[in-house]
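Below are the chains, spelled out letter by letter.
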Amino acid sequence: MAQLYQIHPGEVLGSGQFGIVYGGLHRDTQRPVAIKVIDKLRFPTKQEAQLKNEVAILQNLSHPGVVNLERMFETPERIFVVMEKLKGDMLEMILSHEKGRLTERITKFLVAQILVALKHLHEKNIVHCDLKPENVLLSSHETFPQVKLCDFGFARIIGEKSFRRSVVGTPAYLAPEVLRNKGYNRSLDMWSVGVIVYVSLSGTFPFNEDEDIHEQIQNAAFMYPPAPWREISPQAIDLINNLLQVKQRKRLSVDKCAAHSWLQTREAWADLRALEARVGSRYLTHPSDDHRYQ
């Protein structure tokens, strides 16, 4: 590990449920990396298992919308996971915006990318289970950045028909079925997408942390206060309503969500095409749309 990579202990990029993420360098190429360091002695075996679960899932994934896992090293005391280094996350982007929320145009741009990455996961029967703006990383500080999903510590392999029951994820983004212990499937991630769209457009949570948040979520009891929602398009609200559905079968799938009229505009398509041109890879749009929008 030390021969190949240099860790910068002063550069803490974040601390997750498993340990601390530091900035570092690949010594030969001087390429910046992010290195997650897990102290095994401080972590119960369950969390070690969760981490190994994350690594196992990421090792089988290669997609421009998912954080790239480079190497993993293990010593008797520690585990080091080396990943590509990114430039911040969607939560920071929302909070640092002058209004404390993002425009519809930028939200569409980010959400469209999240959906492409989710589609890839769901096709591989992987459910992220902890989707939230902190786990949506940005590869640049540009206004229209490339997005990559990270933190697969809670992710599960779930077949199309199968359900899991263990409680996973972060309370404010959790779907009703997880709280009810009713069993969940990939539509769990789609509920979280609904919360992400709501948070991104308004800068607030649909469910209020003060009151009994579990009860609110299980009844999908949320509102659209006039400030800021009167400025937001009815299509955006329609999309959120179709994602924050208590009944899983009523909730939009990843494909239906991507095909929603709010995301299907010429401007949104052009923004995604511009990103594809920058990164030199076509993975967000489909050639069949070119004719329609040109």
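Keep in mind the model is a prediction, meaning the values are calculated, not measured.

Quick look at the pairing of strand β2 (residues 19–26)
- A large share of β2 lies buried, amounting to 7 of its 8 residues.
- Hairpin connection from β2 to strand β3 (residues 31–39): 4 residues lie between these consecutive antiparallel strands, with Q30 at a positive phi of about 60°.

Notes on the side chain of K40
- Relative to the helices and strands, K40 is located in the loop between β3 and α1 (45–59).
- A polar atom in the side chain of K40 sits 3.1 Å from the backbone oxygen of T75.
- Residue contacts for K40: discarding those within four places in its chain leaves E48, E74, T75, P76, E77, R78 and I79.

Focus: the environment of I126
- With respect to the secondary-structure elements, I126 resides in strand β6 (residues 126–127).
- Each C-alpha atom, one on I126 and one on N185, is 9.5 Å from the other, the two residues being 59 residues apart in sequence.

A closer look at unusual backbone geometry
- In this chain, A227 is followed by P228 through a cis amide linkage whose omega measures 5°.
- Relative to the helices and strands, P228 is located in helix α7 (residues 226–229).
- Of note in the backbone geometry, Q30 takes a positive phi value of approximately 60° without being a glycine.
- Tracing the backbone shows Q30 in the loop between β2 and β3.
- For C129, which is not glycine, the phi dihedral falls at a positive 70°.
- With respect to the helices, strands and loops of the structure, C129 is situated in the loop between β6 and β7 (136–138).

Calculation criteria
Residues numbered from 1 in each chain as written. Predicted model: local features only at pLDDT ≥ 70, side-chain atom pairs only at ≥ 80, totals over all residues. Heavy atoms only, no water. Buried < 20%, exposed > 50% of the residue type's maximum accessible area, 1.4 Å probe, protein only. Helix = DSSP H or I, 4+ residues; strand = E, 2+ residues; numbered from the N terminus. Pairing = 2+ DSSP bridges. Polar contact = N/O pair within 3.5 Å; in protein donor to acceptor, adjacent residues only side chain to side chain. Contact = heavy atoms within 4.5 Å.

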